[in-house]
Each structure stands twice: as C-alpha cells, then as structure tokens.
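# Summary of the model geometry
Take a look at the letters that make up each chain.
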Amino acid sequence: FAQVLQTTPDIAFKAWDLRFGHDFWVAQLIVTGTRLQSNGSPAPFAANSTDVVHVADGLILRKDTYFNQTQLMSESGRTAS
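If you're wondering where the values come from, they're calculated on a predicted model, not measured in any experiment.

## A short note on the pattern of salt bridges
In total, this model carries 3 salt bridges according to the counting rule given. Arginine 62 is the partner of aspartate 64 in a salt bridge, and the nearest nitrogen-oxygen pair spans 2.7 Å.

The following block contains the structure:
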C-alpha cells in the first residue's frame, strides 16, 4: 500500500455505500487518482473497491480490501494477469 501511495500522489477514496452489523462493517468505495507509470507519464484511473472490516470489543480484528483489478488495469491502459 505504501508503494501505491508513492506512485499515486492524488489518490482519493469516496464511499458510496456503508453497511454495519454487530461485528462488522462494509464500505463500498470509488478509488480515483493519477498513477505515475514507469516512464513517468500520468495515467488517471477510477476503480471500485470494497472494504470488509471485522470488529470485536471496539477493536478491528481483520480488514480485507477488494479491488476490481480488471477495471483498474484497463483504466491505466494495462491488462490484468
């Protein structure tokens, strides 16, 4: 994730849906930014993301993040493998 932050200086996360339960929360997000490619040229992108967070006693036990990798790669002109 640190590398993503370094190569995407304008990264932004916008939640469009939040769901809460007794021991979890789920956030669906749109992630946008401009990735700096290896040749130095900028590649703007927007991709869907989902965070699933499990909690107990007010503490985060686990956080899983899911990205639409195919969408992310096509937005930046690459193909997913």
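Here the narrative resumes.
## Concerning the pairing of strand S3 (residues 42-56)
Here strand S2 (residues 24-36) runs beside S3; their pairing, made up of 13 bridges, is antiparallel. For phenylalanine 24, the partnering residue across the bridge sits in S3 and is histidine 54. Here S2 hands over to S3 after 5 residues, with glycine 40 in that stretch at a positive phi of 90 degrees. Sheet topology places S3 next to strand S4 (residues 59-67); 8 bridges connect them, and they run antiparallel. In the strand pairing of S4, serine 49 is matched with phenylalanine 67. Linking S3 to S4, which pair antiparallel, is a turn of 2 residues; within it aspartate 57 sits at a positive phi near 55 degrees.

## Considering the sheet that holds S4
The strands making up a sheet associate through hydrogen bonds between their backbones, and the pairing can be parallel or antiparallel. The sheet built from 4 strands is open, its strands ordered S1-S2-S3-S4 with antiparallel pairing. Two strands in the sheet have a free side with no partner beyond their single neighbour: strand S1 (12-20) and S4. Each adjacent strand pair in this sheet contributes to an overall mean axis angle of 20 degrees, direction not counted.

Parameters and conventions
Residues numbered from 1 in each chain as written. Predicted model: local features only at pLDDT ≥ 70, side-chain atom pairs only at ≥ 80, totals over all residues. Heavy atoms only, no water. Salt bridge = Lys/Arg side-chain N within 4 Å of Asp/Glu carboxyl O. Pairing = 2+ DSSP bridges. Helix = DSSP H or I, 4+ residues; strand = E, 2+ residues; numbered from the N terminus. Axes fitted to C-alpha atoms, helices over the stretch in contact; angles between N-to-C directions.

Remember, this is a structural readout, not a statement about activity or role.
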